[in-house]
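Observations on the three-dimensional arrangement
Okay, here's what each chain looks like letter by letter:
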Amino acid sequence: TRVAAVIPAAGRGVRLGPGAPKALRTLGGTPMLVHAVRALAASRAVSLVVVVAPPDGAAEVKSLLDAHALPGGTPSGSWGSTDFMVVPGGDSRQESVRLGLEALPPGHDIVLVHDAARPLVPVDTVDAVIEAVRDGAAAVVPALPLADTVKQVEPAAVPGGPEPVVATPDRARLRAVQTPQGFDRATLVRAHETVTDDVTDDASMVEQLGEPVVAVPGHEEAFKVTRPLDLVLAEAVLARRRL
Ligand code: CTP
Ligand code: MG
């Protein structure tokens, strides 16, 4: 079974602060998106990567990827046997993923969805997700236990004021989920055609269909670059890998 990956990279990165669109911000001198594409292309199973670019930046992203894919263009050279294509994204992550799915040619029955903002995911995590889909799961998420206790709160009476705590879910049964999330293609397409609620990950749309979703072990280095401190951590992880 051939595997394709959709990489939503159309966000602006508001929480990271002013600058280029987040996917084009650099880590170790290389755009985050390039790291993310490499991370997926590193899996032998992945034969196609669809990058969902900022709506007005598809041409720029295409030439960026071409530059990094050309032999000699970068230290590690090319994407090997992995093809890539670039399509423009939408106003929400959900919309961007849907546009990526619509661009997928036939012949890939397993689809991964991976945030460009998780540039350092290890290939073993990618392969573990693919393997769980191959073993029959319709939807697979890489997940980690939480370090912090989580509280459910009500809105504050005044903006910025104290928020009443209403519940403390049992931490042992909570997981923080990452990407790549892996799917049976037909199930993911049906989820995107059916679910209209706003969601923050693709697996929750499959949950809404009533289909089972399973979690496999994630990896610390698959963390999402969201706020400025995450960039510091990402640079440190990259520097450690290059030792
Ligand atoms: N994304 C996307 N299209 C959007 C919004 C987000 O493709 N309209 C992508 C981002 O590029 C990112 C992934 O979804 O790779 C995860 O989203 P997030 O970390 O929230 O990135 P941003 O939305 O860019 O950041 P922020 O929410 O801080 O603006
Ligand atoms: Mg966002």
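Attention in this report is confined to the structure presented alongside it. In this convention, every chain numbers its residues from 1, walking through the sequence in written order. Each chain is given a letter, starting from A, and each ligand a number, starting from 1, according to the order in which they appear as written. Per-residue local features are limited, in this predicted model, to residues with pLDDT of at least 70; the limit for side-chain atom pairs, both in listing and counting, is 80 or more; totals at the level of whole chains, interfaces and linings are taken over all residues.

This paragraph deals with the overall build of the chain. Helix numbers and strand numbers start at the N terminus; a helix is a DSSP run of H or I with at least 4 residues, a strand a run of E with at least 2. From N to C terminus, the chain includes 7 helices and 12 strands. With the principal axes as the frame, the chain shows a C-alpha extent of 55 × 40 × 35 Å. Residues with at least 20 other C-beta atoms within 10 Å of their own are called buried, those with 12 or fewer are called exposed, and the rest are partly exposed. The C-beta atoms themselves are positioned from the backbone. Counting every position in the chain, which comprises 243 residues, the buried fraction comes to 40%. Here the contact rule is simple: place C-beta atoms from the backbone, and any two residues whose C-beta atoms are within 7 Å are in contact. In the chain, the share of contacts with a sequence separation of at least 24, taken over all contacts with a separation of at least 6, comes to 73%.

Let us now look at the packing of helix H3 (residues 93–103) against helix H5 (residues 185–194). Axis angles are defined between N-to-C directions and span 0 to 180 degrees, where every axis is a line fitted to C-alpha atoms and, for a helix, only to the segment in contact. It is the contact of H3 with H5, at a shortest axis distance of 11 Å, that shows an interaxial angle of 130°. By the criterion of interaxial angle, the relationship of H3 to H5 is oblique. The crossing of H3 and H5 is left-handed. Residues Val97, Arg98 and Leu101 of H3 form the contact with H5, whose own contacting residues are Leu188, Val189 and His192. For this classification, the nonpolar set comprises Ala, Val, Leu, Ile, Met, Phe, Trp, Tyr, Cys and Pro, the charged set comprises Asp, Glu, Lys and Arg, and every other residue, Gly included, is treated as polar. When grouped by side-chain class, the residues that make up the contact of H3 with H5 number 4 nonpolar, 1 polar and 1 charged. Here the word oblique covers every angle except those under 35 degrees (roughly parallel), over 145 (roughly antiparallel) and from 65 to 115 (roughly perpendicular). Handedness of each helix crossing follows the sense of rotation of the near helix against the far helix: counterclockwise by less than a right angle gives left-handed, clockwise gives right-handed.

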